Amino acid sequence: MKIVKGIPVSAGIAIGQAFVLNQSEFVVKKQNILPEETEAEKKRYIEATEKAIDELKELEESTKDMGQIFVIFMGHRMIVEDEEMSNEVFEKIEKFNFSAEYAISTVMSKHRSTLSSLKGEYYTRRLSDLNDIENRILKHLLGSHGEKLSNLTQPVIIVAKTLTPSETAILPQNKTLAFITDTGGRTSHTAIVARTRGIPAVVGLGDITKQICNGDTIIVDGQKGTIVINPRSEEHTSELQSRQVI
């Protein structure tokens, strides 16, 4: 048995088997195109953003009665639709002959650097939003990646390095008992989505994805911010099960 302390972001107690997400990260290498490929590359970027906007509109529609979550995704869509950001990407493609994926990556990196120099919870949340938006666009430029949750056959505790607001919003309600992550903060948009959806969650657990294997029994206390890995005490487990909110 092992007890780990993290940051409580969404109250509730859940007990279940762990499902460790295999989250492949996009690797964007510097890639230059030929001058005659500029228009085609710009078209690739436009098509990727159009798909991203369609997805975000669907998320807005599905969360229109969820207040803060709806506002988060509306904000994401407005950033993707922002003409100034598109012009920055186009400039990278036209002036430096960058590929579309490297262009959006460098533009987002610049904005993340600016936000990182500013203090305050608002700017921390915006960093997470930029990562979410960049991943959404890159997904359409480079192809989908990561573990799919659609094949889950039973309710589980999701274990991940991190979860974006978008990923948290589409976690299957009937298959998600709780989630825990390596990184994250109390006031992040991911935390807001978890609380709105009523999913117990603990974040900021360091390298918890390396400490847990698929199938391990996990107790998550989203109020205290603690998790128990493979509890030995049946009495302790029974007590927590009696308080379980899911």
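It should be noted that the structure appears before, not after, this text.
Our subject in this report is the structure included herewith.

Thoughts on the overall build of the protein
Looking only at helices and strands, the protein features nine helices and eight strands. Relative to its 246 residues, the protein shows a buried fraction of 48%. Here the contacts in the protein between residues at least 6 apart in sequence split such that 69% fall between residues at least 24 apart. Element-wise, carbon and sulfur atoms account for 49% of the exposed surface of the protein, whose accessible area totals about 12700 Å².

Focus: the packing of aromatic side chains
Centre-to-centre distance and the angle between the planes together describe a pair of aromatic rings. With the rule as written, the count across this model stands at three aromatic pairs. Members of the aromatic cluster, joined through ring pairs, are Phe-96, Phe-98 and Tyr-102. The aromatic ring of Phe-90 is capped on one face by Lys-42, whose charged end is 5.2 Å from the ring centroid.

Focus on the pattern of salt bridges
Taken as a whole, this structure holds twelve salt bridges when the rule is applied. With a shortest N-O distance of 2.9 Å, Glu-55 and Lys-139 are connected by a salt bridge. Residue Glu-55 is found in helix H1 (residues 38–62), and its partner Lys-139 is found in helix H5 (residues 121–142); the two are separated by 84 residues along the sequence. Lys-64 is paired through a salt bridge with Glu-61; the nearest N and O atoms lie 2.8 Å apart. Assessed through its relative accessible area of 49%, Glu-61 is described here as partly exposed. A single salt-bridge network, built from bridges that share partners, covers Glu-39, Lys-42 and Glu-94.

Concerning helix H4 (residues 100–116)
Turn by turn, an α-helix covers 3.6 residues, leaving residues three or four places apart pointing in a common direction. Here H4 is 17 residues long and its end C-alpha atoms lie 24 Å apart, about the 24 Å a rise of 1.5 Å per residue gives. Looking at H4, one finds that the buried residues are Ala-100, Glu-101, Tyr-102, Ala-103, Ile-104, Ser-105, Val-107, Met-108, Arg-112 and Leu-115. Residues of H4 that are buried in the fold lie against H1, helix H3 (83–96) and H5.

Re the packing of H3 against H4
In contact at an axis separation of 9 Å, H3 and H4 are set at 125° when each is read in the N-to-C sense. The pairing of H3 with H4 is recorded here as oblique in orientation. Helix-helix and strand crossings are classified by hand; for H3 and H4 the assignment is right-handed. Residue-level contacts link Met-85, Glu-88, Val-89, Lys-92 and Ile-93 of H3 to Ala-100, Ala-103, Ile-104, Thr-106, Val-107, Met-108, Lys-110 and His-111 of H4. Looking at the contact of H3 with H4, its residues break down into eight nonpolar, two polar and three charged.

Here is what the cut-offs are and how they apply
- Residues numbered from 1 in each chain as written.
- Predicted model: local features only at pLDDT ≥ 70, side-chain atom pairs only at ≥ 80, totals over all residues.
- Heavy atoms only, no water.
- Helix = DSSP H or I, 4+ residues; strand = E, 2+ residues; numbered from the N terminus.
- Buried < 20%, exposed > 50% of the residue type's maximum accessible area, 1.4 Å probe, protein only.
- Contact = heavy atoms within 4.5 Å.
- Areas by Shrake-Rupley, 256 points an atom, 1.4 Å probe, with all protein chains shown as cover.
- Phe/Tyr/Trp six-rings, centres within 6.5 Å; stacked < 30°, edge-to-face > 60°.
- Lys NZ or Arg CZ within 6 Å of the ring centre and 35° of its normal.
- Salt bridge = Lys/Arg side-chain N within 4 Å of Asp/Glu carboxyl O.
- Expected span 1.5 Å × (residues − 1).
- Axes fitted to C-alpha atoms, helices over the stretch in contact; angles between N-to-C directions.
- Parallel < 35°, antiparallel > 145°, perpendicular 65-115°, else oblique.
- Left-handed = near helix turned anticlockwise from the far one by under 90°.
- Nonpolar A, V, L, I, M, F, W, Y, C, P; charged D, E, K, R; others polar.

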